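# Descriptive analysis of the structure
Okay, here's what each chain looks like letter by letter:
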Amino acid sequence: MTVKEFLNKVRRQNSVLLTYERELSELRLRMVNISSPGFGDKVQTNHISSLDEIIEKMESQADKVNRKWDACKEMKEQAEVLIDKESDEYRRCVLYRYYILCQSWEQIAVDMHFSLRWTMKLHGWALKDLEKEFTKIHVNS
């Protein structure tokens, strides 16, 4: 595995975690928006989840989020340690923003007041620098 593959794996895990958290938030909203039928209203059971079903889904989703969070947290910490080994602060910042904060290349360039091309060059140089460190860590492990 290369340093880029490892860092992309961290980014993907973070993206999956955000998706799971978004789904959990939607379940919470559905739970809050459930209203009980009024007296004399006809109760239809098709396509309407009961509170019990939503709570069960919510608990299952919360467990999934917690498991993913633990795995993601450990990989993020490893990635942060690796990124901190980059000596150039601009390169380090580009890596951190892209792989840890999951910002887009365009957003990084705008925030750092660089062109997109310069941002990509910094990224490439940083990956070359870190490849040596990454190889040392994974060969010794």
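### Examining the overall build of the protein chain
For the protein chain, the helix and strand inventory stands at 5 helices and 0 strands. Start at the N end of the protein chain and walk to the C end: the helices and strands fall as α-α-α-α-α. Sequence-distant contacts, at least 24 apart, represent 68% of the contacts inside the protein chain between residues at least 6 apart.

### Looking at a negative patch on the surface
Together, Asp52, Glu53, Glu56, Glu59 and Asp63 give the surface a local cluster of negative charge. In this fold, Glu56 is placed in helix α2 (residues 51-84).

### Topic: the environment of Arg22
Structurally, Arg22 can be placed in helix α1 (residues 3-33). A residue is classified by how much of its surface remains accessible, and Arg22, at 52% relative accessible area, is exposed. Arg22 sits 43 residues away from Val65 along the chain, and the two C-alpha atoms are 9.9 Å apart.

### Thoughts on helix α4 (residues 105-112)
Turning to α4, its buried residues are Trp105, Ile108, Ala109 and Met112. Seen along its axis, α4 keeps its buried residues to an arc of 95°; they face one direction. Positive phi shows up at His113, right after α4, with a value of about 60°.

### A look at the packing of aromatic side chains
Summed over the entire model, instances satisfying the criterion amount to 5 aromatic pairs. Aromatic pair Tyr98 and Trp105: ring centres 3.9 Å apart, planes at 10°, arrangement stacked. The pair formed by Tyr98 and Trp105 is uniform in burial state, with each residue classed as buried. Among the aromatic side chains, those forming a connected cluster through ring pairs are Tyr98, Tyr99 and Trp105.

### Details of unusual backbone geometry
Non-glycine residue Cys102 carries a positive phi angle of around 60°. As for its placement among the helices and strands, Cys102 is situated in the loop between α3 (89-100) and α4. Not every positive phi belongs to a glycine, and His113 is a case in point at roughly 60°. In this structure, His113 sits in the loop between α4 and α5 (116-140).

Cut-offs used in this document
Residues numbered from 1 in each chain as written. Predicted model: local features only at pLDDT ≥ 70, side-chain atom pairs only at ≥ 80, totals over all residues. Heavy atoms only, no water. Helix = DSSP H or I, 4+ residues; strand = E, 2+ residues; numbered from the N terminus. Contact = heavy atoms within 4.5 Å. Patch = residues over 30% accessible without salt bridge, like charges linked within 9 Å, V, L, I, M, F, W, Y side chains within 5 Å. Areas by Shrake-Rupley, 256 points an atom, 1.4 Å probe, with all protein chains shown as cover. Salt bridge = Lys/Arg side-chain N within 4 Å of Asp/Glu carboxyl O. Lys, Arg positive; Asp, Glu negative; His and termini not counted. Charge placed at Lys NZ, Arg CZ, Asp CG, Glu CD. Buried < 20%, exposed > 50% of the residue type's maximum accessible area, 1.4 Å probe, protein only. Arc of directions from axis to C-beta. Phe/Tyr/Trp six-rings, centres within 6.5 Å; stacked < 30°, edge-to-face > 60°.

Keep in mind that these numbers describe shape and distance, not what the molecule does.
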